[in-house]
Every structure is written in structure tokens, then in C-alpha cells.
Amino acid sequence: MQYSTALTDAILALACFACTFAISKVRKSQSEALQAALFCALLGFLLPAVAASAGVIHFGFDPAAQAAHAWLTQASTFLGFPLLGAAALSISMGWNWSRANWGRLLLGLCAFFELFRQMDHLDDYRLAISLGTLLMILVAGLRQWPNRQSLIPAVAAVALFAIAGLAVGTHGLMGAVHRVDLFHILLSIAYPLLLWLLTSLTGRLAKHRSEENR
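All of these numbers come straight from a predicted model, not from anything done at the bench.

Student: An account of the overall build of the chain is requested, with residue identities and associated values reported.
Tutor: Helix and strand counts for the chain stand at 7 helices and 2 strands. Relative to a compact globule of 214 residues, whose C-alpha radius of gyration would be 17 Å, the chain shows 17 Å and is just as compact. Counting only C-alpha atoms and orienting by the principal axes, one finds that the chain spans roughly 60 × 35 × 30 Å. Split into buried and exposed, the 214 residues of the chain put 45% on the buried side. Sequence-distant contacts in the chain: of pairs separated by 6 or more residues, those separated by 24 or more amount to 73%. Considering the chain, the positive charge centre built from 14 side chains and the negative charge centre built from 10 side chains are found 14 Å apart.

This is the structure:
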């Protein structure tokens, strides 16, 4: 058992479940196009929440849950994270994607995952899709300049995700601390920053459309 990792996974799960609940409340009052984007963002928060919950079981109670934890972690990385980036970028750009288009994006992400898995290039694909998602989040925030309510969470979230993935990682120790524990803590801060970004973008877009309709 690795109880410190079970604890940090629990913190991450709570943070992501809180983001899921918050984005579901925001989604209810939005237009149909925004609801579709925010539903994908909801999935983007829900997948790491469930993966982290499986991590609590794996590291704290039952090592046999490793396979389920690994599968859910992959779903979070290859599906949930890019959905968050796509949702942020589409809202920032004012793109009115239909539910069908979001469905095609979901299917495309699943297809590309399976393609690269079959080609045995999953690590390369993980790096590419992670960097692409970070770029989408950064562009979503930068496009709102000089509005700091969108810029600050975008830059901060990108920095934390980059540090967690590129500098910290999940294997080995950093001094006396398991790297995976620090990884979880950084993500526990980064995901609420993404929530801040999405709510800021949604509020600005709704305000802009309201002014146009006057």
C-alpha cells in the first residue's frame, strides 16, 4: 500500500468532482451551443475525478484495482484533457459547434487513441495531445487580453500542467516525496484554474451576446 498517494488521489478526486458539480450548474443556464461545449468540459472534469477515485482504491485498499486505475487514467489523459482544451478554445473563439460536431470530436479522439495504441506510439501521442491541449488553453486565455480574469487562470493552469507532466512525472522520488504525490497536488490546483477559465469565458461570451441583442 502507498497511503500518501491514496491521500493525494483523494484530494485530486475531490477537486475534480467539485469542478464537475460547478460546471454542471453553469451549463444549465446557457444556450444550446454552450451547453454542448460545457457538457464536454464536464466530461473533462469527471474522468480525472473517477480515475483519481480508482487511485484511492488502488493505492489505499486493493492493489488489484491497478488495471481499472490505469484504464481510467488513460481515458482522462487521452479524452478528458483534450476535451477541456477544446471546450475552452471554442468558447473563447465564439464557435457555435453543434452537439453532432462535439460527438464527432469524441469519436475522433477515441479513434486516434486506438490507432496510436495499435502502432505502439502511445507515448508520442500522449506528449503530442498534451502539448496541443496546453496550447489550446493558452490561446483561449491570451485571446481575451487584456481581461485578466481569463488570462491569469489560463497561464497558471498551463504552467502547472506543464510542470506536473514534464518536470515532476509520476515515477520515483523527489527527495523523500513520491513524485506521483506532487503530481496529484499540482493537478488538484490546475483543474480548478481551468474551471475558473471556463466560467470566465462563458460569462464574457454570454455578456457579449446579450449586448448584441439589445
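Once the structure has been displayed, the description carries forward.
Student: Quick one: what's the story with a nonpolar patch on the surface, residue by residue and with numbers?
Tutor: There is a patch of nonpolar side chains on the surface, built from Leu7, Ile11, Ile185 and Ile189 and spanning about 320 Å² of accessible area. Those elements giving two or more residues to the nonpolar patch turn out to be helix H1 (3-28) and helix H7 (179-212). Of note, isoleucine 189 is situated in helix H7.

Student: Before we move on, can you summarise the packing of aromatic side chains with the specific residues and values?
Tutor: Here the structure, examined in full by the defined rule, presents 8 aromatic pairs. Residues phenylalanine 78 and tyrosine 125 carry aromatic rings whose centres are separated by 5.6 Å and whose planes lie at 0 degrees to one another, so their mutual orientation is stacked. Residue phenylalanine 78 is located in helix H3 (residues 66-93), and its partner tyrosine 125 is located in helix H5 (residues 122-142); the two are separated by 47 residues in the primary sequence. Across this residue pair, the class does not change: phenylalanine 78 and tyrosine 125 are buried. Residues phenylalanine 161 and tyrosine 191 carry aromatic rings whose centres are separated by 5.2 Å and whose planes lie at 85 degrees to one another, so their mutual orientation is edge-to-face. Here phenylalanine 161, found in helix H6 (residues 148-168), pairs with tyrosine 191, found in helix H7; they are 30 residues apart in sequence, far enough to count as distant. According to the relative accessible area criterion, phenylalanine 161 is buried, its value standing at 10%. Taking relative accessible area as the criterion, tyrosine 191 reaches 4% and is therefore assigned buried.

Student: Residues and numbers for the side chain of aspartate 9, please.
Tutor: As for its position among the elements, aspartate 9 is in helix H1. Buried and unpaired, aspartate 9 has arginine 126 as its nearest opposite-charge partner, separated by 15 Å. Those residues in contact with aspartate 9, other than ones at most four positions away along the chain, are Ala52, Gly55, Val56, Phe59, His69 and His184.

Student: Break down the packing of H5 against H6 for me, with residues and values.
Tutor: In the contact formed by H5 and H6, the axes pass within 7 Å of each other and the chain directions differ by 165 degrees. Here H5 lies roughly antiparallel to H6, going by the angle between them. Considering only the axes of H5 and H6, their crossing is left-handed. Between H5 and H6, the contacting residues are Leu127, Leu134, Ile137, Leu138, Gly141 and Leu142 on the first element and Ser150, Leu151, Ala154, Val155, Val158, Phe161, Ala162 and Leu166 on the second. For the contact of H5 with H6, the per-class residue count stands at 12 nonpolar, 2 polar and no charged.

Student: Describe the state of the cysteines, with residues and values.
Tutor: Scanning all chains against the criterion turns up 0 disulfides. In this model cysteine 16 remains outside any disulfide bridge; the closest cysteine sulfur is found in cysteine 19, 5.9 Å from its own. Among the residues examined, cysteine 16 registers a relative accessible area of 0% and is labelled buried. Note on cysteine 19: relative accessible area 2%, which makes it buried.

Student: A description of H5 should follow, citing residues and the corresponding values.
Tutor: In a regular helix each residue adds 1.5 Å, so 21 residues correspond to 30 Å; H5 covers 30 Å between its end C-alpha atoms and thus fits that length. Among the residues making up H5, those that are buried are Leu122, Tyr125, Ile129, Thr133, Leu134, Ile137, Ala140 and Gly141. All buried residues of H5 project into a common sector of 160 degrees when viewed along the axis, lining one side. Opposite the buried face of H5, at more than 90 degrees from it, the exposed residues are Asp124 and Leu135.

Student: Could you give an account of the environment of leucine 138, with specific residues and numbers?
Tutor: Considering the arrangement of structural elements, one finds leucine 138 in helix H5. Taking C-alpha positions, leucine 138 is 24 Å from arginine 104, a pair spaced 34 residues apart along the chain. Apart from residues lying up to four places away in sequence, leucine 138 is in contact with Val155 and Val158.

Rules of the game
- Residues numbered from 1 in each chain as written.
- Predicted model: local features only at pLDDT ≥ 70, side-chain atom pairs only at ≥ 80, totals over all residues.
- Heavy atoms only, no water.
- Helix = DSSP H or I, 4+ residues; strand = E, 2+ residues; numbered from the N terminus.
- Rg over C-alpha atoms; globule rule 2.2 N^0.38 Å.
- Buried < 20%, exposed > 50% of the residue type's maximum accessible area, 1.4 Å probe, protein only.
- Contact = heavy atoms within 4.5 Å.
- Lys, Arg positive; Asp, Glu negative; His and termini not counted.
- Charge placed at Lys NZ, Arg CZ, Asp CG, Glu CD.
- Patch = residues over 30% accessible without salt bridge, like charges linked within 9 Å, V, L, I, M, F, W, Y side chains within 5 Å.
- Areas by Shrake-Rupley, 256 points an atom, 1.4 Å probe, with all protein chains shown as cover.
- Salt bridge = Lys/Arg side-chain N within 4 Å of Asp/Glu carboxyl O.
- Phe/Tyr/Trp six-rings, centres within 6.5 Å; stacked < 30°, edge-to-face > 60°.
- Axes fitted to C-alpha atoms, helices over the stretch in contact; angles between N-to-C directions.
- Parallel < 35°, antiparallel > 145°, perpendicular 65-115°, else oblique.
- Left-handed = near helix turned anticlockwise from the far one by under 90°.
- Nonpolar A, V, L, I, M, F, W, Y, C, P; charged D, E, K, R; others polar.
- Disulfide = S-S within 2.5 Å.
- Expected span 1.5 Å × (residues − 1).
- Arc of directions from axis to C-beta.

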